[in-house]
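# Residue-level structure breakdown
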Amino acid sequence: MEKFAHLRTTGVPLPIEDIDTDQIIPARFLKATTREGFGDNLFRDWRFNADNTPKSFVLNDNTFTGKVFIVGRNFGCGSSREHAAWSLYDYGFKVVVSSFFGDIFKNNALNNGLLPVIVEEEVLQKILKQVQEHPETEIVVDLENQKLEVPELDINATFEINPYKKTCLINGYDDIDFLLSLKEEITAFENKKATI
């Protein structure tokens, strides 16, 4: 995974609640076993007609760009497919902001380099409105200090994250990489144990 500590970017707003993982990445696209290429089918049925012509949808609108996806409450509910996080990350998003995430989606996101940031509902609505009306609005995500800022709105919100997952994101570790980073300590512990 890529290292993640600090991000300053614009955002893409999708003010819809209760978006489930089948909408994020439809089941018919789950045949691959590697993470690459899923971004092409992110929100496939919302982005394209059956004949592959584009629909009117925020991801088809060049007005909105950036690496922060701002979405309505209860994002990522439904089935536990890890591919939902894969598709968002592969599309280019590094952060998803909402007031509530499905628990399994949240964990899958963290395991795959995508930072889910939970803010108060009132803050979320202000950010959504601002970005919809002013697509050039900058959003700053500071993982080290666990802050999300929108300078134009004087928003400076803190967010929670599991300390282990924070360490993994900052260092670009998956679970195996994290264990390998402790190789010397593990070896020293095992050698000490063997002499007892």
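Everything here concerns the structure above.
Bear in mind the structure is a predicted one, so any value in this text is a computation, not a measurement.

### Brief notes about the sheet that holds strand E1 (residues 6–9)
If you walk across this open sheet you meet the four strands as E1-E6-E7-E8, and the pairing is antiparallel. The open sheet has two edge strands, E1 and strand E8 (155–158), and neither has a second partner. Sheet twist, expressed as the average angle between the axes of neighbouring strands with direction ignored, equals 10 degrees. With four bridges connecting them, E1 and strand E6 (residues 139–142) associate as antiparallel partners. Its bridge partner lying in E6, Leu7 is registered against Val141. Running over the sheet, helix H5 (residues 121–133) touches E6, strand E7 (147–150) and E8 and is turned about 135 degrees from E8.

### Comments concerning helix H3 (residues 83–91)
Along H3, the positions that sit buried rather than exposed are His83, Ala84, Ala85, Trp86, Ser87 and Leu88. On its buried face, H3 is in contact with helix H1 (21–24), strand E3 (68–71), strand E4 (95–98) and helix H4 (103–111). Where H3 ends, the next residue or the one after it, Gly92, has phi of about 125 degrees, a positive value.

### Quick notes on the sheet that holds E4
Consider a sheet: its strands pair through backbone hydrogen bonds, and that pairing is either parallel or antiparallel. An order of E2-E3-E4-E5 is seen for the four strands of this open sheet, with the pairing classed as parallel. Sheet topology places strand E2 (11–14) and strand E5 (115–118) at the edges, where each strand pairs with a single neighbour. Here the strands of the sheet are splayed against their neighbours by 20 degrees on average, with no regard to which way each runs. Here E4 runs beside E5; their pairing, made up of four bridges, is parallel. Note on E5: the bridge partner recorded for Val95 is Leu115.

### Quick look at a nonpolar patch on the surface
On the surface, Ile176, Leu179, Leu180 and Ile186 cluster together to form a nonpolar patch covering roughly 390 Å² of accessible area. Considering each element in turn, the nonpolar patch owes the most residues, three residues, to helix H7 (residues 175–181). The residue Ile176 is located in helix H7 in this model.

### Here we look at H5
Taking 1.5 Å of rise per residue, 13 residues should cover 18 Å, and H5 covers 18 Å from first to last C-alpha, within 8% of that figure. Leu124, Ile127, Leu128, Gln130 and Val131 are the residues of H5 that are buried. Among the structural elements, E2, E3, E4, E6, E7 and E8 are those in contact with the buried residues of H5.

Conventions used here
Position numbers for residues count from 1 along each chain, tracking the sequence in the order it is written. The predicted origin of the model limits local features to residues at a pLDDT of at least 70 and limits the giving and counting of side-chain atom pairs to 80 or more, whereas totals for whole chains, interfaces and linings rest on all residues. The basis for every side-chain value is the complete set of non-hydrogen atoms in the structure, without hydrogens or water. One bridge is not enough; two strands pair if DSSP finds at least two bridges between them. The helix and strand labels rest on DSSP assignments: H or I over at least four residues marks a helix, E over at least two residues marks a strand, and numbering proceeds from the N terminus. Orientation is described by lines fitted to C-alpha atoms, with helices fitted over the stretch in contact, and by angles between N-to-C directions that extend from 0 to 180 degrees. Residues count as neighbours in contact if any of their non-hydrogen atoms are within 4.5 Å of one another. The classification of residues rests on relative accessible area computed with a 1.4 Å probe and restricted to protein chains. Under 20% of the type maximum is buried, over 50% is exposed, and intermediate values are partly exposed. Only residues above 30% relative accessible area that lack a salt bridge enter a patch, with like-charged residues linked at up to 9 Å and the nonpolar side chains Val, Leu, Ile, Met, Phe, Trp and Tyr linked at up to 5 Å. Areas reported here follow the Shrake-Rupley algorithm with a probe of radius 1.4 Å; residue values treat only the protein chains shown as occluding. Salt bridges are counted wherever a side-chain nitrogen of Lys or Arg sits within 4 Å of a carboxyl oxygen of Asp or Glu. A helix is expected to span 1.5 Å for every residue after the first.

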